[in-house]
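Overview (structure and organization)
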Amino acid sequence: MKHRPPLYVRHPSFICLFIQLRLAGEKRKHNEGRVEVFYDGEWGTICDDDFTIHAAHVVCRQLGYVEAISWSAASKYGKGEGRIWFDNVHCTGKEKSLAQCSSNGIGVSDCKHTEDVGVVCSDKRIPGFKFINALTNNVESLNIQVEDVRIRAILASYRKRIPVTEGYVEVKDGGRWKQLCDEEWTHMNSRVICGMFGFPSERRYNARRKHTYWGYSVNCTGNEAHLSSCRLGRNVRQTDNGTCVQGMPVVVSCVPGRAFAPTPMTGFRKAFRQEHPLVRLKGGAIIGEGRVEVLKNGEWGTICDDNWNLISATVVCRELGFGSAKEFLTGGRLGQGMGPVHMNEVECSGFEKSITECFFNKDSLGCSHEEDAGVRCNVPAMGFQERLRLSGGRNPFEGRVEVLAERNGSLVWGTVCSEGWGTMEAMVVCRQLGLGFANHAFQETWYWPGEVNADRVVMSGVRCSGTEMSLSHCLHHGEHLDCPKGGARFAAGVSCSETAPDLVLNPQIVEHTTYLEDRPMLMLQCAYEENCLATTASQVPADSYRRLLRFSSQIHNNGQSDFRPKASRETWVWHDCHRHYHSMEVFTNYDLLSLNGTKVAEGHKASFCLEDSEYVLLDDRYECANFGEQGITVGCWDTYRHDIDCQWVDITDVKPGDYIFQVVINPNYEVAESDYTNNVVKCRCRYDGHRIWMYSCHIGGAFSSETEDTFPGLLNNQVAHR
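Counting restarts for each chain, with residues numbered from 1 along the sequence as it is written. With the structure being a predicted model, the display of local features is reserved for residues of pLDDT at least 70 and the display and counting of side-chain atom pairs for 80 or more, all residues being used for whole-chain, interface and lining totals. The basis for every side-chain value is the complete set of heavy atoms in the structure, and neither hydrogens nor water enter the calculation.

The chain goes by Lysyl oxidase homolog in an unreviewed UniProt entry, where it is assigned to Scleropages formosus. Per its UniProt entry, the chain bears the Cofactor (unreviewed entry) comment "Cu cation". UniProt positions are given in the numbering used here, feature names are shortened, and annotations may be inferred rather than shown by experiment. Checking UniProt for the chain, the heading Catalytic activity (unreviewed entry) contains the comment "L-lysyl-[protein] + O2 + H2O = (S)-2-amino-6-oxohexanoyl-[protein] + H2O2 + NH4(+)".

Attention now moves to the overall build of the chain. On a plain count of helices and strands, the chain comes out with seven helices and 41 strands. We call a residue buried when its accessible area falls under 20% of the maximum for its residue type, exposed when it is over 50%, and partly exposed in between, using a 1.4 Å probe and counting protein chains only. Considering the chain as a whole, with its 722 residues, one finds that 55% of them fall into the buried category. Contact definition: two residues touch when any of their heavy atoms are within 4.5 Å. Counted over contacts in the chain with a minimum sequence separation of 6, partners at least 24 positions apart contribute 71%. Counting from the N terminus, the helices are DSSP H or I runs at least four residues long and the strands are E runs at least two residues long.

Only centres within 6.5 Å qualify two rings of Phe, Tyr or Trp (six-membered ring in Trp) as a pair; their planes then separate them into stacked at under 30 degrees, edge-to-face at over 60, and tilted for everything else. Within this structure, the stated rule accounts for 13 aromatic pairs. These aromatic residues form a ring-pair network of at least three members: F442, W446, Y447 and W448. For R125, the ring lying beneath its charged end belongs to Y65, and the centroid distance is 4.4 Å. Either the NZ atom of lysine or the CZ atom of arginine qualifies as a charge over a ring when it sits within 6 Å of the ring centre and within 35 degrees of the ring normal. Across from the ring centre of F129, 5.4 Å away, lies the NZ or CZ of R125, which sits over that ring.

A word on the sheet that holds strand β38 (residues 648-650). Across a sheet, strands are paired by hydrogen bonds formed along the backbone, either parallel or antiparallel in direction. Pairing between two strands requires that DSSP report at least two bridges joining them. If you trace the three strands from one edge of the open sheet to the other, you get β30-β31-β38, paired in antiparallel fashion. The two strands at the open ends of the sheet, each matched to only one other strand, are β30 (515-520) and β38. In this sheet, adjacent strand axes meet at a mean angle of 35° when their direction is disregarded. Where strand β31 (residues 545-550) meets β38, three bridges bridge the pair, whose relative direction is antiparallel. Paired with L548 across the strands is D650, a residue of β38. Helix axes use the C-alpha atoms of the stretch in contact, all axes being lines fitted to C-alpha atoms, and the angles between their N-to-C directions lie in the range 0 to 180 degrees.

Another point: the pairing of strand β24 (residues 398-407). Taken across its ten residues, β24 has nine buried, putting it largely inside the fold. Here strand β23 (residues 388-392) runs beside β24; their pairing, made up of five bridges, is antiparallel. In the strand pairing of β24, G392 is matched with G399. With three bridges joining them, β24 and strand β28 (residues 493-497) adopt antiparallel strand pairing. Its bridge partner lying in β28, G399 is registered against V494. With six bridges connecting them, β24 and strand β25 (residues 410-416) associate as antiparallel partners. Each bridged residue has a counterpart across the sheet, and for E406 the counterpart in β25 is L411. Connecting β24 to the next strand, β25, in antiparallel fashion are two residues, including N408 with a positive phi near 55°.

In this description, the term disulfide denotes a pair of cysteine sulfurs within 2.5 Å. Evaluated as defined, the whole model comprises 13 disulfides. Between C685, a cysteine without a disulfide, and C683, which holds the nearest cysteine sulfur, the sulfur-to-sulfur distance is 8.1 Å. The class for C685 is buried, based on a relative accessible area of 1%.

We now examine the pattern of salt bridges. Whenever a carboxyl oxygen of Asp or Glu lies within 4 Å of a side-chain nitrogen of Lys or Arg, that contact is scored as a salt bridge. Scanning the model with the defined rule gives 29 salt bridges in all. The shortest N-O distance in the salt bridge between R564 and E629 comes to 2.7 Å. On the criterion of sequence distance, the pair formed by R564 in the loop between β32 (553-557) and β33 (573-575) and E629 in the loop between β36 (599-605) and β37 (637-640) is long-range, its members being 65 residues apart. In this structure, R641 and D643 form a salt bridge, with 2.9 Å as the shortest nitrogen-oxygen distance. We classify R641 as partly exposed; its relative accessible area is 45%. Exposure remark for D643: the relative accessible area of 43% places this residue in the partly exposed category. One salt-bridge network, held together by shared partners, links K29, E289, E327, R333 and R376.

Let us look at the sheet that holds β32. Read across the sheet, three strands follow the order β29-β32-β37 without closing on themselves; strand pairing throughout is antiparallel. The open sheet has two edge strands, β29 (503-505) and β37, and neither has a second partner. When the angles between neighbouring strand axes are averaged without regard to direction, this sheet yields 20°. Examined bridge by bridge, β32 and β37 share four bridges and lie antiparallel to one another. Within the sheet, the bridge partner assigned to Q554 lies in β37 and is T639.

Below, the discussion takes up helix α2 (residues 187-196). In terms of burial, α2 is largely enclosed, as eight of its ten residues are buried. Three or more residues of α2 are buried, namely N189, S190, R191, V192, I193, C194, G195 and M196. On its buried side, α2 packs onto β9 (148-152), β10 (166-173), β12 (201-203), β13 (216-219), β15 (251-255) and α3 (310-319). Once α2 ends, the next one or two residues include G198, with phi positive near 90°.

For the rest of this paragraph, the subject is the environment of S495. By secondary structure assignment, the location of S495 is in strand β28. The spacing of S495 and L390 is 105 residues in sequence and 9.1 Å in space, taken between C-alpha atoms. Once residues within four sequence positions are removed from consideration, S495 is found in contact with F397, E398, C430, F437, A438, N439, H440 and F442.

On average, residues of the chain score 83 in pLDDT, and 86% of them reach the 70 mark or higher. Within the chain, no element has a lower average pLDDT than strand β1 (residues 8-10), which sits at 33, and none a higher one than strand β22 (residues 374-377), at 94. The pLDDT score gives, residue by residue, the confidence of the prediction method on a 0 to 100 scale. Overall, residues 1-15 carries pLDDT values under 50, and its contacts beyond four positions in sequence, including any with other chains, amount to 24 contacts. Here residues 264-272 scores under 50 on pLDDT; set against residues more than four positions off or in separate chains, the count is 27 contacts.

Turning our attention to the nonpolar core. Residues L549, I555, F563, F587, L592, I651 and F661 are the most contacted members of the largest nonpolar core, which totals 35 residues. Listed by contribution, the elements that provide at least two residues to this core are β29, β35 (588-593), β39 (657-665), β40 (680-687) and β41 (692-699). What I555 contacts, discounting residues up to four positions off in sequence, is L503, V504, L505, F587, T588, I632, C636, W637, D638, Y640 and I665. Side-chain atoms within 4.5 Å link the members of a nonpolar core, which is a set of buried Ala, Val, Leu, Ile, Met, Phe, Trp, Tyr and Cys residues. A405, M427, A492 and Y669 belong to the second largest nonpolar core, which has 32 residues in total.

Laid out in C-alpha cells, this is it:
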C-alpha cells in the first residue's frame, strides 16, 4: 500500500505530526486499553519497546485524562491490527501530544502485534479539556472524548429529586456544558447513558425546546459501559445561532432498579436487597460490587473468569438493578467463593436479561475459586456521601462520625450518640462514604477532635442491620434524642479499610469428626470454670459423668485481609486453669436445636489461640506460643481439634431424637468481616441415646431459600434480624 508523505502542522515552537488516539481491546473498564493511533487514514498501534510511564502520561492527557496510573506491555489488551505506527518512543512526560515524543519515526518498527502497548488512565478528567478533531474523514472511527457527562433535569423542581432519572444529556467540552442534538440519536445511545449513571434500562421521552448543541452526533452499539467507548458520529449541522437544524436536544428517561426507585409513601427502600433470586454479589465493600454467584439446582456457586469481560459483567449489573459495569474483575479479587463453579467461558451478546441466558461451558474442570469472577457496577448518585463525614482522624479512613441533620428548619452538622454503637453501624458509615469495610467501631473519640460547632448530638439510638445504604436508613430515635453521655468525647467513631477478613467454617470437617464421649466431672474442672458445661453440671456429684458431643472445626480466612482479635494484646485475659490467654471471650457458639428452632443445648468457645494451623504457600504469621500474636492470615486455616477442652456441646440432659446442630463464628460481630452470612454451619443430627449421626452439614447461604426452609426456626446469621 502506497502511503502519502507525513502531514506536518506548524506550531509556535515545534513541527508535529497530526495524530488521533483511542483506547481499544479487551478492556476491564472504559479508561484503559490498547493504545491505537490514527494516522494517514489508518488505525495502528504502538510497540512496547522503551515505552515508559512518562509516555503513558502523555497518552492519557491527550485523551483528556489527568494522568496515567500504569502501562502494560505484550498486548495485554489483545493484539491490534494494521501498522505499528510508533516504536522506541521516548517522552519526558511534558509533551502535549505523543507525536512530539522522539521515536524511530512514523511507521518505522520491527515489532509484532504481540508487543502492542496498553495504558490505564486515571478516572479524573482534565478540567476544561476540549475535544479537537484533526480528521476531515473517518470521524466515525474516533471514540468520544469530553471532559464530563451529566443528565440535567428539565424542570428546576425536578433537580432536587434523588436520583435524577431523566433530563437533558449534556457533555462538558472546553469547560462549557453543551447539549446533544437528537438527530440520529437512538435508544442504544440512551441505553449507554442510563447504564453509566447506574440505571439498568431506559424508556422513551420527547421534548421540544431550543438550546446550544455540541457539534457531533453519537454512535453507540448499546454494549458500551461508558460514553467514551462509543464512536463519534458525523458533524451536526447547526444554524447561525448554534441550534441544530433538524433536531431537538437529546432527553433520556432512565428506569432505576427497584432498590433506587422512589415511591410516594416510603421513599427508596432503606435496607438494600438484590432483586434477582438467581444471581447475587458477595464479598463487595459497597453496593454494586462483589463476586458473582449464581443459583443452580438449589445451590449457589461461582463463575470462572475464563473469557470474562465487560459485556458479561454488564449483563450481571443490569440484571441486579444497577447500570452498566464499571469494571470486570478476575482472579478472585473480591474474595474466593465456596461450593461449586457453575459457569465457565461465559459469552454474552450484552442484551440478555440474565447471565444464565448467555452461552457458557458447563465443564469447569481446571477452574478453582482462585479464578472467581467479580464485577463493579455503576450505581445511581444518591447524594448519601454529602450527608456524612469523618472528622479529626489521622487519615481520611478514620474519625468521629458527623451527620448533617435538620434542626429548627436548618441543616446542621452534629455527632452520633455512641451508646449501642458497634460493627454493623460502622459498616454502614464506611459503605456510605465509599471507604470500604469497617475496621473498628469506637464509642469514645476524645482523641479525634472534630469540628467544635458539631459537638452536639443530632442522632441517637442507631441500630443497623448492616445492609443499609445510609446511616439515616437505620433505626434511630429521630427527633426524640436520648443520649445520657452526650456527644463530644463520647461521640461515635469509625475506622474503615478497603479490605476485610472473611471466616468460613469447613462443614465437612464438622460432619466427619463428630462423636460422643462420656467424661468424668473430675476431668472437667477447668472447662467448668470457663462455663463450657450445661448449667446442671453444678448440681451433680464430682464422680458423675457428662456426655459431650465432640467435633473438630477448621476455620478458613477466605477474605482479603487478616483476621485479628478486636482486643489489643495487653488487654487479653489470662486463664490460669488452662494456662492460656483469651483474645476473644466468645469466638464461636455451638447450639443444638429442636426441629422447631428451640435451643436444647449450647456451648461456646473462647479464642484462646487464634493461629495459622495450616497454610498454603505462605509462612505462618500467627503463633500463640510465648504470648505470640494471634490471628488468621488470608488463605490460612485455624483448626480446633475435637480433643481439646470446650470443643463440644454438653448433651447430658438431651433426650433422644432428631435435632439441628449449629455453629456460629464471631457471633457478636466483634470483628468486621466482608460477609457474615457464611459464618454459620448447619447440620441435621440424630441422637438415639447411645450414638449420634451428623449429616447434611452446609454453610449458611450456600443453598436456596427453599432448601433452607428445611431447617425451620434456624439462625442463619442474617444481620437484618438482629
